[in-house]
Amino acid sequence: MQHLKIREAKKEDCPRILELVKELALYEKAPEEVTITLAEMVACGFGAKPIWGALVAEVNGVIVGIALHYDRYSTWKGRRLYLEDLIVTEAMRGAGIGKKLLDELIAYGKAKKYNGIVWQVLDWNESAIDFYKKYNAHFDPEWINVSIDF
């Protein structure tokens, strides 16, 4: 593989991050669900009170993957990192980039004194499920996802 670099996202990365989010939505057959604007993404990640962060994977200076995360608090477990999306562009899947991103996110969480990482995976995404099983991730069959849109 060409030169791979994992680093924290910068404001200037937001257009490419949004492209990867849209690519993921297309893969998940829900492109119309992406309603965030670039301006909102920038403001929420790099404004006065950032609410998300990300690690980006670059190959030869081009962002090919992201691990977008934010803080979550559990009354049972304390401070946890929430992994919103782990995305590797389709052309680069299978090259170990997702593993490097998740490994770096785990190291980041430990360094920042989080108690763990939580995330969701679609039940039909067998390749992602198999990937997470390699980490001995716990899959919880009891909880049902709930949301309210405004």
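The model shown is predicted, which means the values in this text are computed figures rather than measured ones.

S.K.: Is there a simple way to think about the overall build of the chain in this case?
M.R.: In terms of regular secondary structure, the chain is built from four helices and five strands. Along the chain direction, N to C, the helices and strands of the chain fall in the order β-α-α-β-β-β-α-β-α. On the principal axes, the C-alpha backbone points of the chain span a range of 40 × 35 × 35 Å. Across the 150 residues of the chain, 37% fall into the buried class. Sequence separation of at least 24 residues holds for 59% of the intrachain contacts in the chain that already meet a minimum separation of 6. Surface exposure of the chain reaches about 10,300 Å², of which carbon and sulfur atoms provide 54%. Treating the 20 positive side-chain charges of the chain as one cloud and the 22 negative ones as another, the clouds have centres 8 Å apart.

S.K.: How should the nonpolar core be read in this particular structure?
M.R.: Where a protein is soluble and globular, its nonpolar side chains tend to be buried together. Ranked by size, the top nonpolar core spans 20 residues in total, and within it Ala67, Leu83, Leu86, Ile97, Leu101 and Leu105 carry the most contacts. It is helix α3 (residues 97–111) that contributes the most residues to this core, five residues altogether.

S.K.: How should the state of the cysteines be read in this particular structure?
M.R.: Joining two cysteines, a disulfide is a covalent bond between their sulfur atoms. The final tally for this structure, using the stated rule, is zero disulfides. Here cysteine 14 stays unpaired: no disulfide links it, and the sulfur of cysteine 44, its closest cysteine neighbor, is 9.9 Å away. Judged by its relative accessible area of 0%, cysteine 14 falls in the buried class. Taking relative accessible area as the criterion, cysteine 44 reaches 23% and is therefore assigned partly exposed.

Criteria and thresholds
Per-chain numbering applies: the sequence of each chain, read as written, is numbered from 1 onward. The predicted origin of the model limits local features to residues at a pLDDT of at least 70 and limits the giving and counting of side-chain atom pairs to 80 or more, whereas totals for whole chains, interfaces and linings rest on all residues. The side-chain figures draw on all heavy atoms in the structure; neither hydrogens nor water molecules are used. Elements are defined by DSSP. Helices are runs of H or I of four residues or more, strands are runs of E of two residues or more, and each kind is numbered from the N terminus. Working definition: with a 1.4 Å probe on protein chains only, accessible area under 20% of the residue-type maximum means buried, over 50% means exposed, and in between means partly exposed. For this analysis, residues touch if any pair of their heavy atoms sits within 4.5 Å. Accessibility throughout is a Shrake-Rupley quantity obtained with a 1.4 Å probe, and a residue counts as covered only by protein chains that appear here. Residues scored as charged are limited to Lys and Arg (positive) and Asp and Glu (negative), so that His and the chain ends carry no count. Note on charges: their place is set at NZ of Lys, CZ of Arg, CG of Asp or CD of Glu. Residues belong to a common nonpolar core when they are buried Ala, Val, Leu, Ile, Met, Phe, Trp, Tyr or Cys residues joined through side-chain atoms within 4.5 Å. Here, two cysteine sulfur atoms that lie within 2.5 Å of each other are counted as a disulfide.

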